[in-house]
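Now for the letters of each chain:
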Amino acid sequence: MSTGRAEQEELEESAATGPLNGVRVVELASVIMAPYAARQLGDLGADVIKVEPPDGDMTRHYPPTRTPGMGVLALNLNRNKRSVAIDLKAPGGRDALLALIATADVFITNLRPQALQRLGLDYEDVAAGHPGLVYLNAQGFRSDSALGSRPAYDDIVQAASGLVWLNEQVSGIPYFVPTVLADKICGLVITQSVLAALHHRDRTGQGQHVEVPMADTMLAFNLVEHLAAATLDPPEGPIGYSRALSAQRRAARTADGWMCILPYNDRNWRDFFAFVGRPELADDPRFGTLPDRARNADELYRLAAEFTPQHSTAEWQAFCDSAGIPAAQVLSLAEAASSAYATEGGLLRTAQHPTEGAYHLIGEPVRFQATPAGLHRHCPRIGEHTDEVFAEIGHRPSA
């Protein structure tokens with residue numbers, strides 16, 4: 001037995017400990033949102049089968065790559081999955097996919113509803129003989145809306161959900177958040193929705209159609225705090241959470257760097273003002289209570305920024321820790337990923353891919369006491385498991 005095969009068998013044994021051991025998920029998706037959701041289910045022990053075209057999901061080709069079709073995005077997005085290559089436009093392609101879905105508990109796709117209808121893969125077609133199937137599709141806008149046929153990616157959804165506007169209120173520039181926030185939040189909602197639907201299925205035997213529209217999901221997400229005074233009818237003020245929209249809400253300069261220092265309650269602010277030698281500000285009517293501070297957030301943050309350069313980052317951290325004030329040094333992404341905290345928690349570690357060699361594996365942040373999640377299969381090559389999977393289900397695809 002080869003060393004690589006022995007390692008894979010050892011990894012596969014770990015899947016049996018995951019909380020979703022025994023659940024099969026078929027993913028027909030590309031880019032980040034839905035593949036990220038399916039990867040989370042795979043991390044939790046589900047048997048995730050990624051169906052992709054013969055040339056692979058587009059994220060496989062994002063540079064850099066050591067091997068064609070194995071780009072850096074794919075290595076973590078597609079871990080804990082098996083890859084099956086199917087040309088859905090070729091004779092027998094649809095039948096092969098349906099045969100695979102017939103063995104699944106969950107089907108996840110981010111194809112637009114119109115494309116699914118053209119392929120004969122909408123919910124009614126797929127679930128007709130599979131009443132227990134959880135069928136989840138995610139796309140930019142609600143399928144029954146006037147915008148249902150519009151294409152959408154993360155930037156489009158950031159704009160449509162008010163997020164770009166929020167950025168403009170603070171900086172004057174309508175910029176995008178520098179991460180694919182909508183894709184990843186919607187991916188988390190997909191995972192949550194699948195688990196809820198599986199719970200219902202396990203109690204009743206009934207599967208269902210679940211739709212996750214990105215614009216709706218992100219609008220609801222943004223309104224949690226930003227509906228604010230507009231929650232009341234008639235509104236008591238404009239939409240927008242004033243503290244978050246303060247132009248002065250930013251990292252604080254220290255004597256030797258930058259920190260986030262966040263006194264929150266009355267005692268925190270009293271201790272903060274005493275530490276910077278201005279204890280009388282704790283009794284200032286602008287800052288005495290939480291409502292006062294909320295109404296005067298701009299002035300409060302401006303004042304705090306004048307005081308923080310008095311001490312070094314280490315001095316601030318020591319004081320804040322002793323006073324119970326939330327605080328953290330501003331780290332670069334590379335510094336955060338390589339910090340002692342991240343390293344000790346296994347949040348980024350080196351793994352050995354059977355074809356790509358050493359790579360950095362993003363760890364599973366959630367700790368399950370009885371059913372630990374983690375790596376049990378490295379990112380597969382395009383179509384690596386096509387023959388294996390179809391042999392398992394007893395289906396011979398058309399030539």
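Thresholds, definitions, all that
Every chain's residues receive numbers from 1 upward, in the order its sequence appears when written. The model is predicted, so local features are restricted to residues of pLDDT at least 70 and side-chain atom pairs to those at 80 or more, both for listing and for counting; the totals for chains, interfaces and linings are taken over all residues. Note: side-chain values were computed over all heavy atoms of the structure, leaving out hydrogens and water. When a residue's accessible area, from a 1.4 Å probe over protein chains only, is under 20% of the maximum for its type it is buried; when over 50% it is exposed; and in between it is partly exposed. Each helix is a run of H or I in the DSSP string that is no shorter than four residues. Each strand is a run of E no shorter than two, and both are numbered from the N terminus. Two strands make a pair as long as DSSP finds a minimum of two bridges between them. Salt bridge, as used here: a side-chain nitrogen of Lys or Arg that lies within 4 Å of a carboxyl oxygen of Asp or Glu. The patch calculation keeps residues exceeding 30% relative accessible area without a salt bridge and links them within 9 Å when they carry like charges or within 5 Å when they are nonpolar (Val, Leu, Ile, Met, Phe, Trp, Tyr). Computed by Shrake-Rupley with a 1.4 Å probe, the accessible areas treat only the displayed protein chains as cover when residues are assessed. In this description, a disulfide is simply a cysteine sulfur pair whose atoms lie within 2.5 Å. Seen with its strands pointing away from the viewer, a crossover is right-handed if its path from the first strand over the helix to the second goes clockwise. Just so you know, the count uses Lys and Arg for positive and Asp and Glu for negative, and it drops His and the chain ends. Throughout, a contact is declared for two residues whenever any of their heavy atoms are within 4.5 Å. Per the annotation, domain bounds derive from an automatic or database assignment of domains. In this description, a line fitted to the C-alpha atoms serves as the axis of each element, helices being fitted only across the stretch in contact, and the angle between N-to-C directions of two axes falls anywhere from 0 to 180 degrees.

An unreviewed UniProt entry annotates the protein as CoA transferase of Kitasatospora acidiphila.

Enquirer: Please provide a residue-by-residue account of the pairing of strand β4 (residues 106–109), values included.
Expert: Of the two faces of β4, the one carrying Val106 and Ile108 and the one carrying Phe107 and Thr109 are both buried. Relative to β4, strand β1 (residues 24–28) runs parallel, the two sharing four bridges. The residue of β4 that forms the bridge with glutamate 27 is isoleucine 108. Two strands pair when backbone bridges link them, and β4 and strand β5 (residues 134–139) are joined in this way by four bridges, in the parallel orientation. Looking across to β5, one finds that valine 106 is bridged to valine 134.

Enquirer: Lay out the pattern of salt bridges in plain terms, naming residues and giving numbers.
Expert: Summed over all chains, the structure comprises 25 salt bridges. Close ionic contact of glutamate 280 with arginine 278 constitutes a salt bridge, the shortest N to O distance being 2.4 Å. When salt bridges that share partners are traced, they join Arg24, Asp47, Arg82, Glu388 and Glu392 into one network.

Enquirer: Any chance you could break down a nonpolar patch on the surface for me, citing the residues and the numbers?
Expert: A surface patch of nonpolar side chains, amounting to about 460 Å² of accessible area, comprises Met58, Tyr62, Leu73, Tyr153 and Ile156. In this fold, isoleucine 156 is placed in helix α7 (residues 154–160).

Enquirer: Explain the state of the cysteines to me, using residue names and the numbers behind them.
Expert: Tallying each qualifying case throughout the model produces zero disulfides. Cysteine cysteine 260 remains unbridged, with the sulfur of cysteine 320 as its closest cysteine sulfur at 9.4 Å.

Enquirer: I'd like a description of the pairing of strand β2 (residues 47–52), backed by residues and values.
Expert: Among the six residues that make up β2, five are buried, leaving the element largely enclosed by the rest of the structure. Taken together, the four bridges between β1 and β2 define a ladder with parallel strand orientation. Paired with valine 26 across the two strands is isoleucine 49, which belongs to β2. You can see the chain leave β1, run along helix α2 (residues 33–43) and come back into β2, and the turn it takes is right-handed. Strand direction decides the pairing type here: β2 and strand β3 (residues 81–85), joined by five bridges, are parallel. In the sheet register, isoleucine 49 faces β3, and the bridge partner there is arginine 82.

Enquirer: Lay out the side chain of glutamate 356 with the relevant residues and their values.
Expert: Here glutamate 356 lies in the loop between β10 (348–353) and β11 (357–362). Buried charge glutamate 356 goes without a salt bridge, the closest partner of opposite sign being arginine 66 at 6.0 Å. Ignoring sequence-local partners within four residues, the contact set of glutamate 356 consists of Arg66, Thr67, Met70 and Leu75.

Enquirer: Before we move on, can you summarise α2 with the specific residues and values?
Expert: Burial analysis of α2 places 11 of its 11 residues in the buried class, the great majority of the element. Downstream of α2 by a residue or two, glycine 45 has a phi angle that is positive, lying close to 105°.

Enquirer: A description of the domain arrangement of the protein should follow, citing residues and the corresponding values.
Expert: Many structure descriptions define interface size as the accessible area lost when the parts assemble. Each assigned domain of the protein is listed here: domain 1 (24–222 + 340–393) and domain 2 (252–329). A straight line from the C-alpha centre of domain 1 to that of domain 2 covers 42 Å.

Enquirer: I'd like a description of the sheet that holds β4, backed by residues and values.
Expert: Strands sit in the order β3-β2-β1-β4-β5-β6 across an open sheet of six strands; the sheet is parallel. Edge positions in the open sheet fall to β3 and β6 (208–213), since each of these has one partner strand only. Strand-to-strand twist across the sheet, computed as the mean angle between neighbouring axes with direction ignored, equals 20°. Contacts from α2 reach β1, β2, β3, β4 and β5, with the element oriented near 155° to β2. Lying over the sheet, helix α4 (residues 93–101) contacts β1, β2 and β4, oriented at roughly 150° with respect to β1.

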